[in-house]
Amino acid sequence: MPMLSQEVRQKFSSIVGPERLKTSPEDLLTYAYDAYVLEYLPEAVLFPKTAAEVRQIMKVACAHKIFVTPRGAGSGLGAGSLAKRGGIILCFTMMNQILEINTANRYAVVEPGVVISEFQKELEKLNLFYPPDPGSATVATMGGAVLMNAGGMRGVKYGVTRDYLLGLEIVLPSGEIMNTGSLTAKDVTGYDLTRLICGSEGTLALVTKIIVRLLPKPKSKRTLQAIYDRIDDAGDTVAKIVEAGIVPATLELMDKMIIKALEDFAHLGLPLDAEAVLLIDVDGDLETVEKQAALVADFCKSQGARDVRVSQSEKDNEQLWMARRSAFGAVARLRPTCVIEDATVPVSFLTRAIKKVIEISERNRVQIAVLAHAGDGNLHPLILCDQRDAQEMQRVEKAMDEIVDYALSVGGTLSGEHGIGIAKAKYLPKQLSGAALEMMRAIKKAFDPQGILNPGSFLEYEK
Ligand SMILES: Cc1cc2nc3c(=O)[nH]c(=O)nc-3n(C[C@H](O)[C@H](O)[C@H](O)COP(=O)(O)OP(=O)(O)OC[C@H]3O[C@@H](n4cnc5c(N)ncnc54)[C@H](O)[C@@H]3O)c2cc1C
């Protein structure tokens, strides 16, 4: 593929204007990273404001065979938004308008650059609720969340981004604008292209508009902290809550390394001598919430929790969840590099999976803190290391291989929510058959015959 010529730069500049075309070395370096550990320098970064601009950019990219990598906030954990083979980055953060909140039909239409938590705050004013809630919600964009099918803390009760998507406006790599889905809650017209794009990690099309369904805001919420002397008891509690048919809104697990890092960072009064804490939300109408909170508290105690604290106010709730959201940041301060794993197991295997991670950590002499969207069986082992130490990184890689192998051996998956990117591309053949991979490559070719969109991503990554 050619480098960006002066002629092509000129064409891009005439579409977005010089202000929204960045080419200085310091700007390019800013967009050379996401939340993974690699660096790839783009040749230019463009900030479109309309689908029409995206369309014109793609026409130029097609004519000159320029690689294009879409990007939201760059909080992805697998280098998905990096220009792995050079070319330009299309950054959607300036397409950040909430276009419609329709209370009568309970849907909203947003541009891809809208930040998730800001959208949620606007909805709250109208007593509406958009549940997907990744830990990165204060920075991550709705577009990034759609393309990663982001999950988060409320997945156990409310599911993931895909469960709220009604339709999309997309720009194909050829520059053609296309709509998928509709404004209705039900729609079975043809193949479900909306869901095909969702989770496609920016490899099939550029999303320029998103229609999501909304729920009424739950009237009330309680947050519980269940404190355990044994991490096994915490893991078993989660599996048994799910088995008993109790449906909390969130069910998060933190091990002692996370508890200590959070205490050092946020001073919340978490117990430093505990092996694990479960953070549990129940929500709904007031009466149900009170009953459920009592039920969950009793349940946790009967499963070995030494103490269960129920937050007394909305402010306490917020503080606890802010702390949970800060967990990555708090732990990442401990070593120069933090690699976030995302292997997921059926929830009845949760305790065994946590013990396996601890055993893998000790055997490979790799420091691993365990965080989990536990109700979904979604482990987030945080591997603390130093990427400048080649020997240590070999041990990290071996530990990751073993975690993945374990998850797959019990019917789990490589990734519950962070996606594949290039971080996990080498593992794909362990989970997907040759036929499944071929089918995916055929889909990619149908959308992007020239292979200009997000090249070097999971299907074509070579180390
Ligand atoms: C501290 C932390 C906590 C996190 N917690 C969670 C969590 O709880 N749950 C979870 O699921 N994830 C989590 N993540 C991962 C990440 O934040 C999510 O995947 C998020 O949805 C990415 O959004 P983004 O705007 O940053 O997208 P980016 O990282 O910029 O992009 C993600 C992918 O989408 C593509 N893309 C972006 N916008 C478009 C568009 N408009 N059109 C086409 N392609 C596009 C990019 O090419 C890339 O492949 C976390 C990350 C961090 C750093």
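Rules behind the numbers
Residues numbered from 1 in each chain as written. Predicted model: local features only at pLDDT ≥ 70, side-chain atom pairs only at ≥ 80, totals over all residues. Heavy atoms only, no water. Near = heavy atom within 4 Å. Polar contact = N/O pair within 3.5 Å; in protein donor to acceptor, adjacent residues only side chain to side chain. Helix = DSSP H or I, 4+ residues; strand = E, 2+ residues; numbered from the N terminus. Nonpolar A, V, L, I, M, F, W, Y, C, P; charged D, E, K, R; others polar. Domains from an automatic or database assignment. 1 Å grid on protein atoms, 1.4 Å probe; cavity = no way out; pocket = protein on both sides within 12 Å on 5 of 7 lines; lining within 4 Å. Points joined across faces, edges and corners; volume = space filled by probe spheres on them. Core = buried A, V, L, I, M, F, W, Y, C linked by side-chain atoms within 4.5 Å. Buried < 20%, exposed > 50% of the residue type's maximum accessible area, 1.4 Å probe, protein only. Contact = heavy atoms within 4.5 Å. Salt bridge = Lys/Arg side-chain N within 4 Å of Asp/Glu carboxyl O. Axes fitted to C-alpha atoms, helices over the stretch in contact; angles between N-to-C directions. Parallel < 35°, antiparallel > 145°, perpendicular 65-115°, else oblique.

So, the site of the ligand
- In the vicinity of the ligand lie 36 residues, with Pro70, Gly72, Ser75, Ser136 and Thr141 positioned nearest.
- Here Gly80 contributes a backbone N or O atom positioned 3.4 Å from an oxygen atom of the ligand.
- Contact between the ligand and Ala145: an oxygen atom at 3.4 Å from a main-chain N or O atom of the residue.
- Elements represented by at least two residues in the shell around the ligand include exactly strand 3 (68–71), helix 5 (142–148) and strand 10 (206–213).
- Among the elements that make up the shell around the ligand, the one with the highest residue count is helix 5 (5 residues).
- Residues of the shell around the ligand, tallied by class, amount to 16 nonpolar, 17 polar and 3 charged.
- Residue contributions to the shell around the ligand reach at least three from each of two domains, namely domain 1 (6–93 + 449–460) and domain 2 (98–216).

Topic: empty space enclosed by the protein
- Scanning all chains against the criterion turns up 2 cavities of 30 Å³ or more.
- Considering only enclosed or pocket space, the largest cavity measures out at about 140 Å³ in volume.
- Taken together, 15 residues form the lining of the largest cavity, with Tyr36, Leu77, Ile340, Ala423 and Lys424 sitting closest to its centre.
- Here the lining of the largest cavity takes 3 residues from strand 16 (residues 337–340), the largest share from any one element.
- When grouped by side-chain class, the residues that make up the lining of the largest cavity number 9 nonpolar, 3 polar and 3 charged.
- Built from parts of two domains, the lining of the largest cavity gets at least three residues from each of domain 1 (6–93 + 449–460) and domain 4 (335–409).

Here we look at the nonpolar core
- Ranked by internal contacts, the top residues of the largest apolar core, which has 56 residues, are Leu224, Tyr228, Leu253, Leu278, Val296 and Cys300.
- Built from parts of two domains, this core gets at least three residues from each of domain 3 (220–329) and domain 4 (335–409).
- Setting aside its immediate chain neighbours within four residues, Val296 contacts Leu224, Ile241, Ile246, Ile280 and Val282.
- Val110, Tyr130, Ile170 and Cys198 belong to the second-largest nonpolar core, a separate cluster that totals 33 residues.

Some remarks on the domain arrangement of the protein chain
- Along its sequence, the protein chain is organised into domain 1 (6–93 + 449–460), domain 2 (98–216), domain 3 (220–329) and domain 4 (335–409).
- One C-alpha centre belongs to domain 1, the other to domain 3, and the line joining them spans 41 Å.

Overview of unusual backbone geometry
- For Asn149, which is not glycine, the phi torsion reads 45 degrees and is therefore positive.
- With respect to the element layout, Asn149 can be found in the loop between helix 5 and helix 6 (155–158).
- Non-glycine residue Arg365 carries a positive phi angle of around 50 degrees.
- Inspection of the secondary structure puts Arg365 in the loop between helix 13 (350–363) and strand 17 (367–373).
- For Arg365, a relative accessible area of 59% translates into the label exposed.

Digging into the pattern of salt bridges
- The full count for this structure, using the stated rule, is 33 salt bridges.
- A salt bridge links Lys355 to Asp232; the shortest N-O distance between them is 3.2 Å. You can see Lys355 sitting in helix 13 and its partner Asp232 sitting in helix 8 (residues 231–243), a full 123 residues away along the chain.
- Looking at Lys355, the relative accessible area reads 44%, which means it is partly exposed.
- For the salt bridge of Lys398 with Glu402, the shortest nitrogen-to-oxygen distance reads 3.0 Å. Linking Lys398 with Glu402, this pair stays in helix 14 (residues 390–409), spanning 4 residues, or about one helical turn.
- By relative accessible area, Lys398 is classed as partly exposed at 42%.
- What you see here is one network of salt bridges that share partners, running through Lys356, Glu359, Arg363, Lys398 and Glu402.

Some remarks on the packing of helix 1 (residues 6–16) against helix 3 (residues 51–64)
- In the contact formed by helix 1 and helix 3, the axes pass within 9 Å of each other and the chain directions differ by 170 degrees. Compared by their axis directions, helix 1 and helix 3 come out roughly antiparallel. Where helix 1 approaches helix 3, its residues Glu7, Val8, Lys11, Phe12, Ile15 and Val16 are matched on the opposing element by Glu53, Gln56, Ile57, Val60 and His64.
- Taken together, the residues of the contact of helix 1 with helix 3 sort by class into 6 nonpolar, 2 polar and 3 charged.

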